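# Secondary and tertiary structure notes
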Amino acid sequence: MSEKHTTREHATVKGEMSVIMKTGFQKMNMQKTGVQKTTAAVLSTLCLAGALTACSPTADNKTTDAAKAGTAPAATEPLKLSVLVNFIGEAPQPGNEVVKAIEKYTNSEIEVQWLTDIKEKLPVMVASGSLPKIVSVTNSQMKLPYMVSALRGDTFWNLTTYIKSYPNLSQINPLIYQNTSLDGQVYGLPAVRPVSRAAITYRADWFKKLGLKEPRTLDEFYDVLKAIATKDPDGDGKDNTYGFIEYKSLGIVDRTAIWLGAPNEWGVQNGKLVYAPTTDAYLQSLQFVKKLYDEKLINRDFAVMEKSAWESAFAEGKAGMLSNITDTAFKLEEQMKKSNPQVELGMFNRLPDLKGGPTKAENGSNGIFSFPKSSVKSEAELKRILTFFDKLAEPEMATLFKWGLEGKHYKQDNGKPVYIDAKIYNKEVLPYQKLMAVEAGKALQGNDPALVVKGEQLNKDNEKYAVPNAAEALISDTYSEKGGQLDKLIEDAKTKFVMGKIDEEGWKQALEQWRKNGGDKVAAEFTSAYEKVNKK
């Protein structure tokens, strides 16, 4: 599987959820239509339907009066929860103050199993049926054959008819539910993150020195890169800066292709799934980036640069821009200021005057929380668990997850929370964010650094203009089997084109090879799955 949040599944949908999912898919897969239009269409449907999900019975998960009525009835006994999460690092001690606070607020008893080797253990656990009540499943695991089979085989609860009843869970962006569904059905609560965190981080101090502004068109983007590479922004008298720093993934090609109107990996044209590299816009992007390479506006060693060295090269002042996510600019600036206090970074997310300013959408989640029927044995228990997750999004819990316990992890400074000791917070509180389905947007707001605030603003702006991947929730058996080989074929050809080792004819030959090796079959399978989801 690629690191990108790519290629997924879907099929027939019934009732109101059918309307919602279909509307979302039809809107989201138009090349120039972003999440703003997708969400608007979906939410319009919600207002009419008065629900986020279907209310009609399904063959394997019938809707009851209790489901229509809402959340689980009040219970006095604590809800006993066993939770399996994917976690790398030092696990918190059981029974600590943070988990006790969560248990008290949600009337629960929580036992968390922190697994670093979940990829190896989860298939065995699913096969044996020895699963806890809550299972955290990563995005990549959701698409593996064993998990697809388990979800389709009634191993986990189908949540499609329940979500509408929970005030916080029902407010999750419908696109995220759509992206994390299977065959049009919701089998887990998404661990939500922004729909798009796309950003270009740049040296704002260099921009000021050279009199540059954030670009609004592709020509302006080129001019900025040219100035950074040729006008000695670091003032050392040497020709040693690039406009843009890249590593072997060469993500600038895909970013620029979307700016030029290409799909986000897969789009829909005339009802058929279309692979982005086969489009004219993608070829235009390749030609543009080749020009940058030929003029030494991007680093010449990108093809051998590992990701681990990429941000370091930027931090060392070798380039004026890099393509990253909104979370990283503040961390980079803090790192760079240690050796150069004059460093100032900035961010922009798109070229607003080019093709309407599209940008790339992501999956919108860090995986899902699923509930095995072997351990969650009744609808009443399922509802209590969903209530648990809904309560974790309330202001008190959101503040706990973001700041920790007042007096231990944070204190009030002029009415605003500030961390007492970040290391203690990271050790005792941060791991429990693995239990969150909804982001901590209702938490107390502190005096966040300017770049953190800017990142949050860009995330919101991105949501309006982000282009979703049309195959995000579709399954292709051929891609599951050959996706790695097919992706590598295109990645290699992309690198060769930019470096001048193949020309346009060579690129066309690579695409033909992709088609023959299984690409056409992948496209046909995605199209078939798309048609089933959107079946009238």
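Summarised in this report is the structure supplied together with it. (Residues numbered from 1 in each chain as written. Predicted model: local features only at pLDDT ≥ 70, side-chain atom pairs only at ≥ 80, totals over all residues. Heavy atoms only, no water.)

Within helix H4 (residues 97-106) the residues assigned to the buried category are Val98, Val99, Ile102, Glu103 and Thr106. One side of H4 holds all its buried residues, which, seen down the axis, span an arc of 135 degrees. Exposed residues on H4 whose side chains face more than 90 degrees from its buried face are Lys100 and Lys104. Contacts made by the buried residues of H4 are with strand E2 (108-115), helix H15 (379-391), helix H16 (395-403) and helix H17 (422-428). Capping the start of H4, Asn96 holds a side-chain oxygen 2.9 Å from the backbone nitrogen of Val98, two or three residues further along. In the segment just after H4, Asn107 is the residue with positive phi, at about 55 degrees. (Buried < 20%, exposed > 50% of the residue type's maximum accessible area, 1.4 Å probe, protein only. Helix = DSSP H or I, 4+ residues; strand = E, 2+ residues; numbered from the N terminus. Arc of directions from axis to C-beta. Contact = heavy atoms within 4.5 Å. Polar contact = N/O pair within 3.5 Å; in protein donor to acceptor, adjacent residues only side chain to side chain.)

What follows is about the nonpolar core. Membership of the largest hydrophobic core comes to 60 residues, with the highest contact counts inside it found for Phe221, Trp266, Leu273, Met321 and Trp507. Top contributing element to this core by residue count: helix H20 (residues 504-533), with 10 residues. Beyond its immediate sequence surroundings of up to four residues, Trp507 is in contact with Pro277, Tyr282, Leu283, Leu286, Ile490, Ala493, Lys494, Phe497 and Ile502. Formed by 50 residues, the second largest nonpolar core is a distinct cluster that contains Val85, Ile134, Leu189 and Phe371. (Core = buried A, V, L, I, M, F, W, Y, C linked by side-chain atoms within 4.5 Å.)

Attention now goes to H20. With 30 residues, H20 should reach 44 Å at 1.5 Å per residue; the first-to-last C-alpha distance of 36 Å falls well below that figure. Of all the bends in H20, the greatest, near 70 degrees, is centred on Lys516. One side-chain oxygen of the residue at the start of H20 lies 3.1 Å from the amide nitrogen of Glu505, identifying that residue as Asp503. (Expected span 1.5 Å × (residues − 1). Bend = angle between axes of the 7 residues up to and from the residue.)

Turning our attention to the packing of helix H11 (residues 251-259) against helix H12 (residues 280-294). For the pair H11 and H12, interaxial distance at closest approach is 8 Å and the crossing angle is 130 degrees. The angle between the axes of H11 and H12 places the two elements in the oblique class. Taken as a pair, H11 and H12 cross one another with a handedness that is right-handed. For the pair H11 and H12, the contacting residues are Ile252, Val253, Asp254, Thr256 and Ala257 in the first and Ala281, Tyr282, Ser285, Leu286, Phe288, Val289 and Leu292 in the second. (Axes fitted to C-alpha atoms, helices over the stretch in contact; angles between N-to-C directions. Parallel < 35°, antiparallel > 145°, perpendicular 65-115°, else oblique. Left-handed = near helix turned anticlockwise from the far one by under 90°.)

To continue, consider the sheet that holds strand E8 (residues 321-325). On the basis of which strands lie adjacent, the open sheet formed by 3 strands has the order E8-E5-E9 and antiparallel pairing. The open sheet has two free edges, formed respectively by E8 and strand E9 (345-348), since each of these has just one partner strand. Put simply, the sheet's adjacent strands are angled 35 degrees from each other on average, direction ignored. As paired strands, strand E5 (residues 198-203) and E9 are joined by 4 bridges and run antiparallel to one another. Looking at E9, one finds that Thr201 is bridged to Met347. Lying over the sheet, helix H13 (residues 307-315) contacts E5, E8 and E9, oriented at roughly 130 degrees with respect to E8. (Pairing = 2+ DSSP bridges.)

This paragraph deals with the packing of H13 against helix H14 (residues 328-337). The contact between H13 and H14 brings their axes to 10 Å, and the two run at 60 degrees. Between H13 and H14, the angle falls in the class oblique. The hand of the H13/H14 crossing is right-handed. The segment H13 lies against H14, with Glu311, Phe314 and Ala315 engaging Thr328, Leu332, Gln335 and Met336. For the contact of H13 with H14, the per-class residue count stands at 4 nonpolar, 2 polar and 1 charged. (Nonpolar A, V, L, I, M, F, W, Y, C, P; charged D, E, K, R; others polar.)

The phi dihedral of Leu250 is positive, around 50 degrees, even though this residue is not glycine. Along the polypeptide, Leu250 turns up in the loop between helix H10 (218-230) and H11. Residues other than glycine seldom take positive phi values, yet Lys296 does so here, at roughly 60 degrees. The topology assignment puts Lys296 in the loop between H12 and H13. Note on Lys296: relative accessible area 52%, which makes it exposed.

In this section: the packing of aromatic side chains. The way to describe two aromatic rings as a pair is by their centre distance and the angle between their planes. Inspection of the entire model under this criterion finds 21 aromatic pairs. Ring geometry for Tyr479 and Phe526: centres 6.5 Å apart, planes at 40 degrees, overall tilted. Of this pair, Tyr479 sits in helix H19 (residues 477-498) while Phe526 sits in helix H20; the two residues are 47 residues apart in sequence, bridging distant segments of the chain. For Tyr479, a relative accessible area of 10% translates into the label buried. By the ring-pair criterion, three or more aromatic residues cluster together here, those being Trp266, Tyr275, Tyr479, Trp514 and Phe526. Sitting over the face of the ring of Tyr222, Lys291 holds its NZ or CZ atom 4.3 Å from the ring centroid. One cation-aromatic arrangement involves Lys373 over Trp157; the distance from NZ or CZ to the ring centre is 5.2 Å. (Phe/Tyr/Trp six-rings, centres within 6.5 Å; stacked < 30°, edge-to-face > 60°. Lys NZ or Arg CZ within 6 Å of the ring centre and 35° of its normal.)

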